[in-house]
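Summary of structural features
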Amino acid sequence: MVGFVGKCKRSPIVITNHCNRPYAKLLLELEAIASASKKGGCTKMGKGRLEAFSDGVIAILITIMVLELKVPHEADLAALRPLVPVFLSYVLSFIYLGIYWNNHHHLLQAARQVNGNVLWANLHLLFWLSLIPFVTAWTGENHFAAWPVALYGTVLLLAAIAYFILTRVLISHHGQDSTLAIALGRDFKGKVSVVIYAVAILLSFVNSWLAFMLYVLVAIMWLIPDRRIEKILTS
């Protein structure tokens, strides 16, 4: 933005009083950015917006799921009986979204900053989580039939893989000797969960209720507090 403005003389630094003040301010800001870039002092990308966006998406998903619980027209307890499968699938999905929100929060507490790769990896995770309300409703409405239960497990499997990818991208960004890498370790629980999901998907065509119980088992595994990150951050 260097050139003649009105009667101004060409100058890379000095702008006379005849110049428009917004142009002067913009030029000073550009010079400051260029100076910081040359010194390697560019501001690193913060994680605040990523956390806020992810929290908002998960909150919306929970809201969508609860809206699928249709209020019966009758006023007796018998009217609630058809809603039992829908409610059970809702409870499990609510727990899963809560687990992801909790782990995601702890994960980003150990991260110092993010980059473009982290943003895309996080969006990849949110994509699979956004399908949970759909498979939850399909599973409940069809009373845990084979295909809905299999698809439910497929979404859980792909969400778990997406979360694993997010952790690897964060570790790659922070370094193998970072606090985050040390806190996550080998992630044995995550790898076991993927195996159980795969077995449950196949089992759903033999006994869908048993497959559903395997999904419950994985949820119980993750409900047990995992204090790896907290211990590293407080040590």
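Look above for the structure.
These lines cover the structure that appears in this document, whether it is placed above or below.

The rules behind each value
Residues numbered from 1 in each chain as written. Predicted model: local features only at pLDDT ≥ 70, side-chain atom pairs only at ≥ 80, totals over all residues. Heavy atoms only, no water. Helix = DSSP H or I, 4+ residues; strand = E, 2+ residues; numbered from the N terminus. Buried < 20%, exposed > 50% of the residue type's maximum accessible area, 1.4 Å probe, protein only. Contact = heavy atoms within 4.5 Å. Areas by Shrake-Rupley, 256 points an atom, 1.4 Å probe, with all protein chains shown as cover. Patch = residues over 30% accessible without salt bridge, like charges linked within 9 Å, V, L, I, M, F, W, Y side chains within 5 Å. Salt bridge = Lys/Arg side-chain N within 4 Å of Asp/Glu carboxyl O. Axes fitted to C-alpha atoms, helices over the stretch in contact; angles between N-to-C directions. Parallel < 35°, antiparallel > 145°, perpendicular 65-115°, else oblique. Nonpolar A, V, L, I, M, F, W, Y, C, P; charged D, E, K, R; others polar. Polar contact = N/O pair within 3.5 Å; in protein donor to acceptor, adjacent residues only side chain to side chain. Phe/Tyr/Trp six-rings, centres within 6.5 Å; stacked < 30°, edge-to-face > 60°. Lys NZ or Arg CZ within 6 Å of the ring centre and 35° of its normal. Core = buried A, V, L, I, M, F, W, Y, C linked by side-chain atoms within 4.5 Å.

Turning to the overall build of the protein chain, a few remarks are in order. Helix and strand content of the protein chain: 10 helices and zero strands. Ordering the α and β elements of the protein chain from the N terminus gives α-α-α-α-α-α-α-α-α-α. Of all 235 residues assigned to the protein chain, the portion counted as buried reaches 37%. Sequence-distant contacts, at least 24 apart, represent 74% of the contacts inside the protein chain between residues at least 6 apart. Accessible surface, the protein chain as shown: approximately 14200 Å² in total, 67% of it carbon and sulfur.

Before going further, it helps to spend a moment on a nonpolar patch on the surface. On the surface, a nonpolar cluster with roughly 430 Å² of combined accessible area is contributed by Val 84, Phe 87, Leu 88, Val 91 and Trp 209. Per element, the largest residue contribution to the nonpolar patch is four residues, and it comes from helix H3 (residues 84-110). Here Val 84 is to be found in helix H3.

Before going further, it helps to spend a moment on the packing of H3 against helix H6 (residues 146-174). For any two helices packed against each other, one specifies the crossing angle of their axes together with the interaxial distance. Look at H3 against H6: their axes get within 12 Å of each other, and the N-to-C directions meet at 5°. Relative to H6, the element H3 is oriented roughly parallel. Of H6, the residues touching H3 (which contributes Ser 89, Leu 92, Ser 93, Tyr 96, Tyr 100, Asn 103, His 104, Leu 107 and Leu 108) are Tyr 152, Leu 156, Ala 159, Ala 160, Tyr 163, Leu 166, Thr 167 and Leu 170. Its residues assigned to classes, the contact of H3 with H6 comprises 12 nonpolar, five polar and no charged.

Within the secondary structure, Ser 204 is located in the loop between helix H8 (188-203) and helix H9 (208-223). Among the polar contacts listed, one links the side chain of Ser 204 to the backbone oxygen of Ile 201, at a separation of 2.5 Å. When sequence neighbours within four positions are dropped, the list of residues in contact with Ser 204 reads Ala 146, Val 149, Ala 150 and Ala 211.

Applying the stated rule across the entire model yields 12 aromatic pairs. A centroid spacing of 4.5 Å and a plane angle of 70° characterise the contact between Phe 144 and Phe 212, whose relative ring orientation is edge-to-face. Pair noted here: Phe 144 is in the loop between helix H5 (132-141) and H6 and Phe 212 is in helix H9, with a separation of 68 residues, a long-range link. Judged on exposure class, the residue Phe 144 and its partner Phe 212 are both buried. Look at Trp 147 and Phe 205: their rings are 4.8 Å apart centre to centre, the planes differ by 75°, and that puts the pair in the edge-to-face class. Taken as a pair, Trp 147 in helix H6 and Phe 205 in the loop between H8 and H9 lie far apart in primary sequence, 58 residues in all. According to the relative accessible area criterion, Trp 147 is exposed, its value standing at 60%. On the basis of relative accessible area, Phe 205 is assigned to the partly exposed category, the value being 42%. Taken together, the aromatic side chains of Tyr 96, Tyr 152, Tyr 197 and Tyr 215 make up a single cluster linked through ring pairs. A cation over an aromatic ring shows up here: Lys 189 above the ring of Trp 222, its NZ or CZ 4.9 Å from the ring centre.

Counting 54 residues, the largest nonpolar core has Tyr 96, Tyr 100, Leu 129, Leu 170, Tyr 197 and Tyr 215 as its most contacted members. Among the elements of the structure, helix H2 (48-67), H3, helix H4 (116-130), H5, H6, helix H7 (179-184), H8 and H9 are those that each provide at least two residues to this core. Ranked by residues supplied to this core, first place goes to H6 with 13 residues.

Spatial relationships are all this shows, so hold off on functional conclusions.
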